[in-house]
Amino acid sequence: MSLRRLSGPPRRPATGRLREDWLGTIFAPRETFAALSARPAPRRAGVAVLLLGVLWALLFSWLASDGRAPSFTRWLPFPPSSFYRAASIYAVPLLLGLWLGGGQVVHVLCGQKSPVGASLGVLGFTLAVPATVTFVIPDLVVYGFNGQVGLGQAVRVTGTITLLWSFGLTALALRTLHRLSRWHAVRNTLILFTILALPAAIFLR
């Protein structure tokens with residue numbers, strides 16, 4: 001008997017599993033969330049959030065290097081002229097913090113029926129994948145072609161699509177992971193998004 005047979009089937013590289021979970025969130029979310037529920041993968045979800053944070057930081061750095069400032073300045077934590085420079089620094093830790101805090105909120109809301117790691121494992125993908133695909137990447141493209149004016153117009157569309165997609169994915173993930181009714185999944189998702197909305201609205205513009 002070979003050593004390969006004794007050691008079991010070869011394990012897929014971590015990058016391959018991340019790619020499968022990431023694409024599965026888009027094309028087969030129910031099956032993907034069921035698999036993540038059976039075998040929680042908070043580290044891979046964290047990498048998805050990290051990648052989103054890096055892309056967002058790049059967008060903020062680009063805006064800062066062009067001397068841009070947010071068009072909506074109410075409740076800004078920094079002067080408008082330095083906001084994007086500061087945001088490029090804190091984007092990654094902020095998004096990771098929102099993800100970790102969101103996992104704890106889900107764990108409490110859903111009656112602690114599954115480990116926190118399981119909640120983090122699905123939440124990272126339901127938040128990061130839509131924000132990457134329909135928000136940050138389109139923003140980078142639009143800004144490159146049409147500048148900040150085009151970016152402001154596009155955000156109204158990309159932001160709405162991202163919010164609705166992420167909300168639907170998160171509700172589906174909570175139903176799959178915690179075996180909730182449709183109503184309870186939607187209610188808990190609404191509470192979660194309301195909690196995350198304030199820091200996101202203040203620090204990510």
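Remember, predicted model here, so these are calculated numbers, not experimental data.

The subject of this paragraph is the packing of helix α6 (residues 116-178) against helix α7 (residues 182-203). Taken N-terminus to C-terminus, the directions of α6 and α7 make an angle of 140 degrees; their axes are 9 Å apart at the nearest point. Classified by the interaxial angle, the pair formed by α6 and α7 is oblique. Here α6 runs over α7; the crossing is right-handed. Every residue of α7 that contacts α6 at Leu123, Leu127, Leu163, Ser166, Phe167, Thr170, Ala171, Leu174 and Arg175 is listed here: Arg182, Ala185, Val186, Asn188, Thr189, Leu190, Leu192, Phe193 and Leu196.

With that settled, the discussion passes to the environment of proline 199. On the secondary structure map, proline 199 appears in helix α7. On the accessibility criterion, proline 199 (23% relative accessible area) is partly exposed. With residues up to four places along the chain from it excluded, the contact list for proline 199 reads Leu98 and Leu204.

What the rule picks out here adds up to 9 aromatic pairs. On the numbers, 6.0 Å between centres and 25 degrees between planes, the contact of phenylalanine 78 with tyrosine 90 is stacked. Note that phenylalanine 78 is positioned in the loop between α4 (42-65) and α5 (80-109) and tyrosine 90 in helix α5, a separation of 12 residues in sequence. Accessibility expressed as a relative area gives 15% for tyrosine 90, which makes it buried. Both rings, one in phenylalanine 167 and one in phenylalanine 193, keep their centres 5.4 Å apart while their planes meet at 75 degrees; by these two values the pair is edge-to-face. Here phenylalanine 193 lies in helix α7 and phenylalanine 167 lies in helix α6, a separation of 26 residues in the sequence. A relative accessible area of 14% places phenylalanine 193 in the buried class. Grouped by ring-pair contacts, the aromatic residues Trp56, Phe60, Phe83, Tyr84 and Phe135 constitute a single cluster.

Compared with an ideal rise of 1.5 Å per residue, which puts 30 residues at 44 Å, α5 spans 36 Å between its outermost C-alpha atoms and falls more than 12% short. Maximum bend of α5: about 50 degrees, positioned at tyrosine 90, with proline proline 93 one to four residues after it. Phi turns positive, to about 75 degrees, at glycine 111, one or two residues after α5.

This next bit is on the nonpolar core. Counting 53 residues, the largest nonpolar core has Phe33, Leu52, Trp56, Phe60, Leu63, Phe125 and Leu192 as its most contacted members. Elements supplying a minimum of two residues to this core: α3 (29-38), α4, α5, α6 and α7. If one sorts the elements of this core by residue count, α6 sits on top with 19 residues. If sequence neighbours within four positions are ignored, leucine 63 has contacts with Arg68, Tyr84, Tyr143 and Leu151.

What follows is about the pattern of salt bridges. Opposite charge on two side chains permits them to pair, given that their charged atoms come into close proximity. Applying the stated rule across the entire model yields 1 salt bridge. Here arginine 44 ties to aspartate 21 by a salt bridge, and the two come within 2.7 Å at their closest N and O atoms. Of this pair, arginine 44 sits in helix α4 while aspartate 21 sits in helix α2 (residues 14-27), placing them 23 residues apart in sequence.

Along the chain, the position of alanine 57 falls in helix α4. Residues alanine 57 and histidine 107 lie 50 residues apart in sequence; the distance between their C-alpha atoms is 29 Å. Contact partners of alanine 57, with chain neighbours within four places excluded, come to Ser88 and Ala91.

Take the packing of α5 against α7 next. Relative to each other, α5 and α7 sit at 165 degrees, their axes nearing to 10 Å. When the axis of α5 is compared with that of α7, the two are roughly antiparallel. Between α5 and α7 the crossing geometry is right-handed. Taking contact as the criterion, the partners of Phe83, Ala87, Tyr90, Leu94, Leu98, Gly102, Val105, Val106 and Leu109 in α5 are, on α7, Asn188, Ile191, Leu192, Ile195, Leu196, Pro199, Ile202 and Phe203. Partitioned by chemical class, the residues of the contact of α5 with α7 number 15 nonpolar, 2 polar and no charged.

Quick notes on the rules
- Residues numbered from 1 in each chain as written.
- Predicted model: local features only at pLDDT ≥ 70, side-chain atom pairs only at ≥ 80, totals over all residues.
- Heavy atoms only, no water.
- Axes fitted to C-alpha atoms, helices over the stretch in contact; angles between N-to-C directions.
- Helix = DSSP H or I, 4+ residues; strand = E, 2+ residues; numbered from the N terminus.
- Parallel < 35°, antiparallel > 145°, perpendicular 65-115°, else oblique.
- Left-handed = near helix turned anticlockwise from the far one by under 90°.
- Contact = heavy atoms within 4.5 Å.
- Buried < 20%, exposed > 50% of the residue type's maximum accessible area, 1.4 Å probe, protein only.
- Phe/Tyr/Trp six-rings, centres within 6.5 Å; stacked < 30°, edge-to-face > 60°.
- Expected span 1.5 Å × (residues − 1).
- Bend = angle between axes of the 7 residues up to and from the residue.
- Core = buried A, V, L, I, M, F, W, Y, C linked by side-chain atoms within 4.5 Å.
- Salt bridge = Lys/Arg side-chain N within 4 Å of Asp/Glu carboxyl O.
- Nonpolar A, V, L, I, M, F, W, Y, C, P; charged D, E, K, R; others polar.

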